[in-house]
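Okay, here's what each chain looks like letter by letter:
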Amino acid sequence: MRLVVRNVWRTHQVGEVWFKAFGVGNPYWSPLSCDWEGGGGRCPKPVQICNSVTNTLGELDVLPSLCPHPRNRPEGKVLETVGVFEVPKQHGKYDTGQLFLHSVFGYRGIVLFPWQARLYDRDVASPVPEKGENAAGHGSKEVKGKTHTYYQVLIDARDCPHISQRSQTEAVTFLANHDDSRALYAIPGLDYVSHEDILPYTSTDQVPIQHELFERFLLYDQTKVPPFVARDTLCAWQEKNHPWLELSDVHRETTENIRVTVIPFYMGMREAQNSHVYWWRYCIRLENLNNEVVQLRERHWRIFSLSGTLETVRGRGVVGREPVLSKEQPAFQYSSHVSLQASSGHMWGTFRFERPDGSHFDVRIPPFSLESNKDEKTPPSGLHW
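Residues numbered from 1 in each chain as written. Predicted model: local features only at pLDDT ≥ 70, side-chain atom pairs only at ≥ 80, totals over all residues. Heavy atoms only, no water.

Student: Account for the nonpolar core, with residues named and values stated.
Tutor: Of all hydrophobic cores here, the largest spans 64 residues; its most connected members are Leu-245, Leu-247, Ile-284, Trp-301, Phe-351 and Phe-353. With seven residues, strand S19 (residues 258-272) is the largest single contributor of residues to this core. Discounting residues that sit within four places of it in the chain, Ile-284 has contacts with Val-260, Thr-261, Val-262, Trp-301, Phe-332, Gln-333, Tyr-334 and Phe-351. Of all hydrophobic cores here, the second largest spans 14 residues; its members include Tyr-151, Val-153, Ile-155 and Ile-163. (Core = buried A, V, L, I, M, F, W, Y, C linked by side-chain atoms within 4.5 Å. Buried < 20%, exposed > 50% of the residue type's maximum accessible area, 1.4 Å probe, protein only. Helix = DSSP H or I, 4+ residues; strand = E, 2+ residues; numbered from the N terminus. Contact = heavy atoms within 4.5 Å.)

Student: Just give me the short version of the side chain of Arg-281, but keep the residues and values in it.
Tutor: Along the chain, the position of Arg-281 falls in strand S20 (residues 275-288). For the buried residue Arg-281, which engages in no salt bridge, the nearest side chain bearing the opposite charge is Asp-191, 9.1 Å off. If we skip the residues at most four places from it in the chain, Arg-281 touches Ala-171, Val-172, Thr-173, Tyr-192, Trp-244, Ile-263, Pro-264, Phe-265, Met-267, Ser-336 and His-337. (Lys, Arg positive; Asp, Glu negative; His and termini not counted. Salt bridge = Lys/Arg side-chain N within 4 Å of Asp/Glu carboxyl O.)

Student: So what's going on with the side chain of Arg-355? Residues and values would help.
Tutor: The topology assignment puts Arg-355 in the loop between strand S25 (344-354) and strand S26 (360-371). Residue classification places Arg-355 among the buried residues on the basis of a relative accessible area of 19%. Arg-355 has contacts with Glu-256, Glu-292, Val-293, His-360 and Phe-361, leaving out every residue within four places of it along the chain.

Student: Help me get a handle on the pattern of salt bridges, residues and values and all.
Tutor: In total, this model carries 15 salt bridges according to the counting rule given. Note that Arg-158 and Asp-156 form a salt bridge whose closest N and O atoms lie 2.6 Å from each other. Exposure remark for Asp-156: the relative accessible area of 0% places this residue in the buried category. Two residues, Arg-355 and Glu-256, come together in a salt bridge whose shortest N-O distance is 2.6 Å. With Arg-355 in the loop between S25 and S26 and Glu-256 in the loop between strand S18 (249-255) and S19, this pair connects stretches of sequence that are 99 residues apart. Three or more residues joined by partner-sharing salt bridges are found here, namely Asp-197, Arg-259, Arg-285 and Glu-287.

Student: Could you give an account of the environment of Arg-285, with specific residues and numbers?
Tutor: The residue Arg-285 is located in strand S20 in this model. Each C-alpha atom, one on Arg-285 and one on Val-260, is 5.8 Å from the other, the two residues being 25 residues apart in sequence. One polar contact links Arg-285 to Glu-287, side chain to side chain, over a distance of 3.2 Å. (Polar contact = N/O pair within 3.5 Å; in protein donor to acceptor, adjacent residues only side chain to side chain.)

Student: Which residues make up the pairing of strand S21 (residues 294-305), and what values do they have?
Tutor: Bridging between S21 and strand S23 (residues 324-325) involves two bridges; their strand directions are antiparallel. Bridged to Gln-295 within S23 is Val-324. Here S21 runs beside S25; their pairing, made up of 10 bridges, is antiparallel. Residue pairing in the sheet places Gln-295 in a bridge with Glu-354 of S25. Bridge count between S21 and strand S22 (residues 310-316): seven bridges; the pairing is antiparallel. In the strand pairing of S22, Phe-304 is matched with Leu-310. Between S21 and S22, which pair antiparallel one after the other, the connecting turn spans four residues, and Gly-308 there sits at a positive phi close to 105 degrees. (Pairing = 2+ DSSP bridges.)

Student: I'd like a rundown of the confidence of the model for the protein, residues and numbers included.
Tutor: The pLDDT averaged across the protein works out to 77; a share of 70% of its residues lies at or above 70. Predicted confidence is poor over residues 130-137, with pLDDT under 50, and the contacts of this stretch with residues over four places away or in other chains come to 14 contacts. Below pLDDT 50 for its whole length, residues 381-385 participates in 11 contacts with residues either more than four positions away or in separate chains. (pLDDT = per-residue confidence, 0-100.)

Student: I'd like a rundown of the packing of aromatic side chains, residues and numbers included.
Tutor: In this structure the tally under the stated criterion is 17 aromatic pairs. Taken together, a centroid distance of 5.8 Å and an interplanar angle of 20 degrees make the contact between Phe-353 and Phe-361 stacked. As far as burial versus exposure is concerned, Phe-353 and Phe-361 are alike and both buried. In textbook terms, an aromatic cluster arises when at least three aromatic residues are bridged by ring pairs, as seen for Phe-113, Trp-115, Phe-217 and Trp-237. Between Arg-281 and the ring centre of Phe-174, over which it is positioned, the NZ or CZ distance is 5.9 Å. Geometry around Phe-265 places Arg-281 over its ring, the cationic atom sitting 4.3 Å from the centre. (Phe/Tyr/Trp six-rings, centres within 6.5 Å; stacked < 30°, edge-to-face > 60°. Lys NZ or Arg CZ within 6 Å of the ring centre and 35° of its normal.)

Student: I'd love a proper account of helix H3 (residues 232-245), names of residues and values included.
Tutor: Along its length, H3 reaches its greatest deviation from straightness, about 45 degrees, at Glu-239, and the proline Pro-243 lies no more than four positions downstream. Among the residues of H3, Leu-234, Trp-237, Asn-241, Pro-243, Trp-244 and Leu-245 are the ones counted as buried. (Bend = angle between axes of the 7 residues up to and from the residue.)

Student: Quick one: what's the story with the environment of Ser-335, residue by residue and with numbers?
Tutor: Mapping Ser-335 onto the fold places it in strand S24 (residues 331-340). Between the alpha carbons of Ser-335 and Cys-283 there is a distance of 4.3 Å; along the sequence they are 52 residues apart. The residues touching Ser-335, leaving out its near neighbours within four places in the chain, are Gln-168, Ala-171, Tyr-282, Cys-283 and Val-319.

Below is the structure:
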């Protein structure tokens, strides 16, 4: 069973993935279609693929199409081959060294290693009668977690400038050493990707991803599939930083076709003014599952600490932005931080969105726990190997 990809201008060889190199004029759409040859099946769902080199989008869909005449191709636009699509895995995990396109943000990346998380999806939760709001915000549902695979990945540095308005490329942060003047430091181009966001492909290039850690972490071995294997430095880095990288819980909820996904990470503890301060970072992804254009205007957080305090935070937008979610750019992802003078707590809240007609609606942020590691270790001391 092979994945057949057709381009709007001409039909290429089975499986070829084409991307536009730098051209002139505004971004343009390049509709693509695909079908499963030999099996009579259809692609699992329509997705959007970003022609990452220039931040232009193309549709990978199940609709049959004929290729228009090449004269319809916009002037100044050049296509180049990046790789060959593989059939996405419905079962099992992707291995270290797997090349992929991000199905939502469109960047090129490579898998470093997997994480097994617990996904708490309130959209499939069981109603629990006669329960009021608890300390976690929404007490009307019983949410059972299920195992879900995520991946630690590297983002191609060539694509970072083109996705920075929709997804932070320096979102994975760490606490600096006690004697370091910086409170936080980040590893650029490091991300967490859900299994269903992986669109796998292969490449004949021995260095297909441009990232400062690519050749430090991975070794080309043409006898392997995929042909990139982990170096000892990657294994050592993973083991050393496991407590601060580990992805354990994922929380998800949808309100009026806006899906909010939250992933919290414990960062460590610091002493300040004779007290202990515990730090977490949290990654939030907003997705518009509808065709209606909406814009995020306000955030409203409730932060409960085990010490008994309940803090309310209100403000415009998130991380200084008020992102627009549309059919063409349906998602926005960002990270932020929170600190408590207690070893655990909870967060929940709402995002206020605005419709084109000026009306507003609130989208629930699923409640999530802030838990510290019981076996506290020294946070990482920077990128030393």
